[in-house]
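# Structural overview
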Amino acid sequence: QHTPGVNTDAIGFVSLKFTDDSTRLVYNVNLDNIHNVTGAYLYYSTPNGNDARVLNLLHEARESNKHFKVSETVGPRETTGTVGLGGVTKHDLEGPLKGNSLSHLHKLVDEGKLFIVVHTKDFPNGEIRGNSFVGIDRVFPDLDEFRWN
């Protein structure tokens, strides 16, 4: 739920998988009961109290080598399923994390300083928000299944 709270039945989860050396990351964003998604971003709660976007989770930074079923419309503009699937390197970070390593991003995840906001047409400031991340293994594509060059 976003702060201030909004009345929604939407739910979602974000899965993250870092390489052992934290030079690459793959992610998966799954949503249900949500309408007209306009953005899904990873935000950083900066030390000065400002929240800043650091990664666009709807922009596929690395294309997958395999075809994966993604979201579908199940009702009037209702989205369910995977809406974001991608692979990133440190070069894909933006805002205050631009130029930082993915190991720094991983540390911020562990410290609870990152969160996801899903924006919709009806709630442009965010319909759902969360900072619990699902660690993934084979439920998600392997790192070698993405085109890195």
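The sections below set out a description of the structure shown in this document. Computed from a predicted structure; not experimentally measured. (Residues numbered from 1 in each chain as written. Predicted model: local features only at pLDDT ≥ 70, side-chain atom pairs only at ≥ 80, totals over all residues. Heavy atoms only, no water.)

## Digging into the sheet that holds strand S7 (residues 114–120)
Across the sheet, which stays open at both edges, the four strands sit in the order S4-S3-S7-S8 with antiparallel pairing between neighbours. Whereas interior strands pair on both sides, the edge strands pair on one side only; in this sheet they are strand S4 (51–56) and strand S8 (128–130). Along the sheet, successive strands turn relative to each other by an average axial angle of 30 degrees, direction set aside. (Pairing = 2+ DSSP bridges. Helix = DSSP H or I, 4+ residues; strand = E, 2+ residues; numbered from the N terminus. Axes fitted to C-alpha atoms, helices over the stretch in contact; angles between N-to-C directions.)

## Structural notes on the nonpolar core
By size, the foremost hydrophobic cluster in this structure holds 26 residues, and its most contacted members are Leu42, Leu57, Leu105 and Leu114. Elements with a contribution of two residues or more to this core: strand S1 (11–18), strand S2 (25–35), strand S3 (37–45), S4, helix H1 (102–110) and S7. The dominant element in this core, judged by the number of residues it contributes, is S2, at five residues. Not counting residues within four places of it along the chain, the set of residues in contact with Leu57 comprises Tyr27, Val29, Ala40, Tyr41, Leu42, Gly84, Leu85 and Ile116. (Core = buried A, V, L, I, M, F, W, Y, C linked by side-chain atoms within 4.5 Å. Buried < 20%, exposed > 50% of the residue type's maximum accessible area, 1.4 Å probe, protein only. Contact = heavy atoms within 4.5 Å.)

## Side note on the pattern of salt bridges
Using the criterion set out here, one finds two salt bridges in the structure. Ionic pairing is found between Lys107 and Glu111, a salt bridge with its closest N-O pair at 3.3 Å. Exposure remark for Lys107: the relative accessible area of 46% places this residue in the partly exposed category. Three or more residues are tied together by salt bridges with common partners; here these are Lys107, Glu111 and Lys113. (Salt bridge = Lys/Arg side-chain N within 4 Å of Asp/Glu carboxyl O.)

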